[in-house]
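Listed below, chain by chain, are the residues.
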Number of protein chains: 2
Amino acid sequence: MLATLRQHGIQPTPQRLAVAKVVLGRDRHPSAEEVWAKVRRRCPTVSRATVYNTLNLFVDKGLLTMQVLREGTAVFDAEVRPHHHFIDERTGRIYDVPWDALQVQGQESLNHYDVRELQVVLRGRRRKE
Amino acid sequence: MLATLRQHGIQPTPQRLAVAKVVLGRDRHPSAEEVWAKVRRRCPTVSRATVYNTLNLFVDKGLLTMQVLREGTAVFDAEVRPHHHFIDERTGRIYDVPWDALQVQGQESLNHYDVRELQVVLRGRRRKE
DNA sequence: TCCTGTCTTAGACTTATTCTAAATTACATG
DNA sequence: CATGTAATTTAGAATAAGTCTAAGACAGGA
Ligand SMILES: [Mn+2]
Ligand SMILES: [Mn+2]
Ligand SMILES: [Zn+2]
Ligand SMILES: [Zn+2]
């Protein structure tokens, strides 16, 4: 964890390590406020600004992506490789769908657009089990 | 326009007609605040709450969809049939991509998910011309 | 130790959106 | 028409996500 931060050119501080522990290597998609709540359980003195700053720093350094998938609040994603998302419309929970699970065809017909990145956003209900 | 509202079970009022004129039948994806700004040019007395209420009413009645594509603010879409979106990363502008322009394959592999709805979200730069 | 740059903090601020309570308008009925 | 009731609109307060500010804490180098 500490090594990961160093490798990405991030000075490891106790606050940053606490945030890293909560988001990196997980397959959740928490909002900044959710991260702050979890971090505070362990380190109750960490400020909101530090959590926001740290998450944005992690995005800039390529440790996280920020996704606009939920109304009203951005979420952070520790899976930085391209992939798709399924959103459960009952719970609001966001699930990763592996890149290779879906194929998108027809891009060559979009002459007017220089597509740099894409994802499929699926909504519905997760089957129990 | 007036007929459209009636057909969807919406009491036409001057305020609702003003909002309808600004959003329905257009291929823009304005935020509520942008709609309010445009409506006020013609009817400066219309309140913010009425614009938000009207947009939400139009969504409930199926005249609009609300899309979560932009950080910090929802946008409204007069194209209610399924389609995809291209977002210009320089300007932030959102363009409609027709449903038939792209094919998404592999859905049958997603056994754990009951997919009710999907769209492809593309990001990049629109080619000049 | 002192200097300087980096981090963190509390709280103020901004922006999008919803809520509230009161006023207006529309509608139906006698 | 008169009047009661429901629907609509309004201004402004309230809420929530996110950023900014200014001051203090901390770390590394001279
Ligand atoms: Mn950023
Ligand atoms: Mn709604
Ligand atoms: Zn993801
Ligand atoms: Zn659209």
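In this text the structure is predicted, and so the values were computed from the model without any measurement.

### Considering the side chain of B:Asp88
Residues and elements named next belong to chain B.
Link 1 in the chain: Its place among the elements puts Asp88 in strand β3 (residues 84-88).
Link 2 in the chain: Buried charge without a salt bridge: Asp88, with Arg90 as the nearest opposite-charge side chain at an N-O distance of 4.1 Å.
Link 3 in the chain: At 3.0 Å, the side chain of Asp88 and the backbone nitrogen of Arg126 are in polar contact.
Link 4 in the chain: If we ignore the near neighbours within four places in the chain, the residues touching Asp88 are Arg93, Tyr95, Gly124, Arg125 and Arg126.

### Overview of the relation of the copies chain B and chain A
Here the two chain copies are tied together by a rotation about an axis and a shift along that axis.
Link 1 in the chain: Rotating chain B by 180° and translating it 0.0 Å along the rotation axis places it on chain A, where the RMSD comes to 0.1 Å. The superposition operator between the copies reduces to a two-fold rotation axis.
Link 2 in the chain: Both copies contact each other with a shared surface, as 100% of the interface residues of chain B are interface residues in chain A too.

### Comments concerning the interface of chain B and chain A
Link 1 in the chain: Opposite the 37 residues of chain B that make contact, chain A presents 37 residues.
Link 2 in the chain: A buried area of about 3,300 Å², summed over both sides, lies between chain B and chain A, and 55% of it is on carbon and sulfur atoms.
Link 3 in the chain: Considering only the side of chain B, the residues that lose the most area to chain A are B:Val68, B:Tyr113 and B:Arg127, jointly responsible for 18% of the buried surface there.
Link 4 in the chain: For the interface between chain B and chain A, the tally reads two salt bridges.
Link 5 in the chain: For the salt bridge of A:Glu89 with B:Arg116, the shortest nitrogen-to-oxygen distance reads 3.7 Å.
Link 6 in the chain: Our enumeration of links across chain B and chain A arrives at 16 residue pairs in polar contact (both at pLDDT 80 or more).
Link 7 in the chain: Listed by contribution, the elements that provide at least two residues to the side of chain B that touches chain A are β1 (65-70), β4 (94-97), β5 (103-105) and β6 (113-126) of chain B.
Link 8 in the chain: Broken down by element, the residue count for the side of chain B that touches chain A peaks at 14 residues, all from β6(B).
Link 9 in the chain: Residue classes in the side of chain B that touches chain A are distributed as 16 nonpolar, nine polar and 12 charged.
Link 10 in the chain: Alignment of strand β5 (residues 103-105) of chain A against β5(B), held across three bridges, turns out to be antiparallel. Along β5(B), the bridge assignment pairs A:Gln105 with B:Gln103.

### Comments concerning the nonpolar core
Link 1 in the chain: Counting 22 residues, the largest nonpolar core has A:Val97, A:Val120, A:Leu122, B:Val97, B:Val120 and B:Leu122 as the members making the most contacts within it.
Link 2 in the chain: Those elements that provide at least two residues to this core are β4 (94-97) and β6 (113-126) of chain A together with β4 and β6 of chain B.

### Brief notes about the sheet that holds strand β3 (residues 84-88) of chain A
Link 1 in the chain: Strand order across the open sheet formed by six strands is β4(A)-β3(A)-β6(A)-β6(B)-β3(B)-β4(B), with mixed pairing between neighbours. Single-partner strands in this sheet number two, and they are β4 of chain A together with β4 of chain B. Across the sheet, the mean angle from the axis of one strand to that of its neighbour is 25°, orientation sign disregarded.

### A word on the domain arrangement of chain A
Residue and element names in this part refer to chain A.
Link 1 in the chain: Along its sequence, chain A is organised into domain 1 (2-77) and domain 2 (83-124).
Link 2 in the chain: Summarising the inter-unit geometry, the C-alpha centres of domain 1 and domain 2 are found 24 Å apart.
Link 3 in the chain: On the domain 2 side, the residues contacting the eight residues of domain 1 number 11 residues.
Link 4 in the chain: Taken over both partners, the interface formed by domain 1 and domain 2 buries close to 670 Å², and the fraction arising from carbon and sulfur atoms is 50%.
Link 5 in the chain: For the domain 1 face of the interface with domain 2, the top three residues by lost area are His29, Leu69 and Arg70, together amounting to 65%.

### Overview of the coordination of the zinc ion (ligand 3)
All names here are of chain A.
Link 1 in the chain: Coordination of the zinc ion (ligand 3) by the protein is provided by His29 (NE2), Asp77 (OD), His83 (NE2), His85 (NE2) and Asp96 (OD), with metal-donor distances spanning 1.9 to 2.3 Å.
Link 2 in the chain: All donor residues of the zinc ion (ligand 3) come from one chain, and their arrangement in sequence is H-x47-D-x5-H-x1-H-x10-D.
Link 3 in the chain: Accessibility expressed as a relative area gives 7% for His83, which makes it buried.

### Section: the protein's contact with DNA strand D
Link 1 in the chain: Surveying the vicinity of DNA strand D reveals 17 residues, the closest of which are A:Ala74, B:Thr13, B:Arg16, B:Ser47 and B:Thr50.
Link 2 in the chain: A share of 82% of the atoms of DNA strand D within 4 Å of the protein falls on sugar and phosphate groups.
Link 3 in the chain: Elements supplying a minimum of two residues to the surface near DNA strand D: α4 (48-60) and β2 (73-77) of chain A together with α2 (14-23) and α4 (48-60) of chain B.
Link 4 in the chain: No other element matches α4(A), which puts four residues into the surface near DNA strand D.
Link 5 in the chain: Across the surface near DNA strand D, the residue classes break down as five nonpolar, nine polar and three charged.

What counts and what doesn't
Residues numbered from 1 in each chain as written. Chains lettered and ligands numbered in written order. Predicted model: local features only at pLDDT ≥ 70, side-chain atom pairs only at ≥ 80, totals over all residues. Heavy atoms only, no water. Helix = DSSP H or I, 4+ residues; strand = E, 2+ residues; numbered from the N terminus. Buried < 20%, exposed > 50% of the residue type's maximum accessible area, 1.4 Å probe, protein only. Lys, Arg positive; Asp, Glu negative; His and termini not counted. Salt bridge = Lys/Arg side-chain N within 4 Å of Asp/Glu carboxyl O. Polar contact = N/O pair within 3.5 Å; in protein donor to acceptor, adjacent residues only side chain to side chain. Contact = heavy atoms within 4.5 Å. Least-squares fit on C-alpha atoms with pLDDT ≥ 70 in both. Buried area = accessible area lost by both parts, 1.4 Å probe. Nonpolar A, V, L, I, M, F, W, Y, C, P; charged D, E, K, R; others polar. Pairing = 2+ DSSP bridges. Core = buried A, V, L, I, M, F, W, Y, C linked by side-chain atoms within 4.5 Å. Axes fitted to C-alpha atoms, helices over the stretch in contact; angles between N-to-C directions. Domains from an automatic or database assignment. Donors = N, O, S within 2.8 Å, 3.2 Å for Na, K, Ca; no water. Near = heavy atom within 4 Å.

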